[in-house]
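Letter by letter, the chains look like this.
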Amino acid sequence: MMKSAINYIIILALVVGVIFLYDKQIGAVPLLLLSVYLFYLGIKKMRDIKNSN
């Protein structure tokens with residue numbers, strides 16, 4: 001439960017960062033961090049699925 005809350009907080013913070021930094025034309029930085037974080041979560045989930053079988 002706590003890990004999912006932390007994941008939601010990190011994702012929300014990065015989305016808010018995109019909103020605020022978009023006007024300064026550096027909104028790509030939080031989007032890049034968000035994509036790396038979501039890629040990490042996907043790899044972690046696939047590893048958990050693979051290890052459960």
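Calculation rules
Counting restarts for each chain: residues are numbered from 1 in the order of the written sequence. Owing to the predicted nature of the model, reporting of local features is limited to residues with pLDDT of at least 70; listing and counting of side-chain atom pairs is limited to 80 or more, with chain, interface and lining totals taken over all residues. By convention in this description, side-chain values take in all heavy atoms of the structure and omit both hydrogens and water. For each structure, a 1 Å grid was placed over the protein atoms alone; sets of points admitting a 1.4 Å probe that cannot get out are labelled cavities, open sets with protein on both sides within 12 Å along at least five of seven lines are labelled pockets, and lining residues have an atom within 4 Å of a point. Grid points are joined across faces, edges and corners, and a volume is the space filled by probe spheres set on the points. Strands are runs of DSSP state E lasting at least two residues, helices are runs of H or I lasting at least four, and both sets are numbered from the N terminus onward. For this scheme, ten residues count as nonpolar: Ala, Val, Leu, Ile, Met, Phe, Trp, Tyr, Cys and Pro. Four count as charged, namely Asp, Glu, Lys and Arg, and the remainder, Gly too, count as polar. UniProt positions are given in the numbering used here, feature names are shortened, and annotations may be inferred rather than shown by experiment. An expected span of 1.5 Å times one less than the residue number is assigned to each helix. Under the scheme applied here, a residue whose accessible area is under 20% of the maximum for its type counts as buried, over 50% as exposed, and between as partly exposed, the area being computed with a 1.4 Å probe on protein chains only. Here, the arc refers to the directions that run from the helix axis to the C-beta atoms. Any two residues whose heavy atoms approach within 4.5 Å at even a single point are treated as in contact.

Caption draft 1: View of the layout of surface pockets. Taken as a whole, the largest pocket holds about 160 Å³ of empty space. Contributions of two or more residues to the lining of the largest pocket are made by α1 (2-22) and α2 (28-52). Tallying contributions element by element places α2 first for the lining of the largest pocket, with 6 residues. Looking at the lining of the largest pocket, its residues break down into 4 nonpolar, 1 polar and 4 charged.

Caption draft 2: Spatial organisation of the UniProt feature "transmembrane region" (unreviewed entry) in the protein chain. The UniProt record annotates "transmembrane region" (unreviewed entry) at residues 5-22 and 28-43. Structurally, residues 5-22 is divided into 100% helix and 0% strand, and its ends, taken at the C-alpha atoms, are 26 Å apart. Counting secondary structure, residues 28-43 comes out at 100% helix and 0% strand; the distance between its end C-alpha atoms is 22 Å.

Caption draft 3: Representation of α2. Taking 1.5 Å per residue as the helical rise, α2 with its 25 residues ought to reach 36 Å, and the 36 Å between its terminal C-alpha atoms agrees with that figure. Those residues of α2 that sit buried are Pro30, Leu34 and Tyr37.

Caption draft 4: How the structure looks around α1. When the terminal C-alpha atoms of α1 are compared, their 30 Å separation across 21 residues agrees well with the 30 Å that a helix rising 1.5 Å per residue should span. Among the residues of α1, those classed as buried are Leu14, Gly17 and Val18. Along the axis of α1, the buried residues cluster in a sector spanning 105°; they form a single face. Exposed residues pointing more than 90 degrees away from the buried face of α1 are listed as Met2, Tyr8, Ile9, Leu12, Ile19 and Phe20. Next to the buried residues of α1 lie α2.

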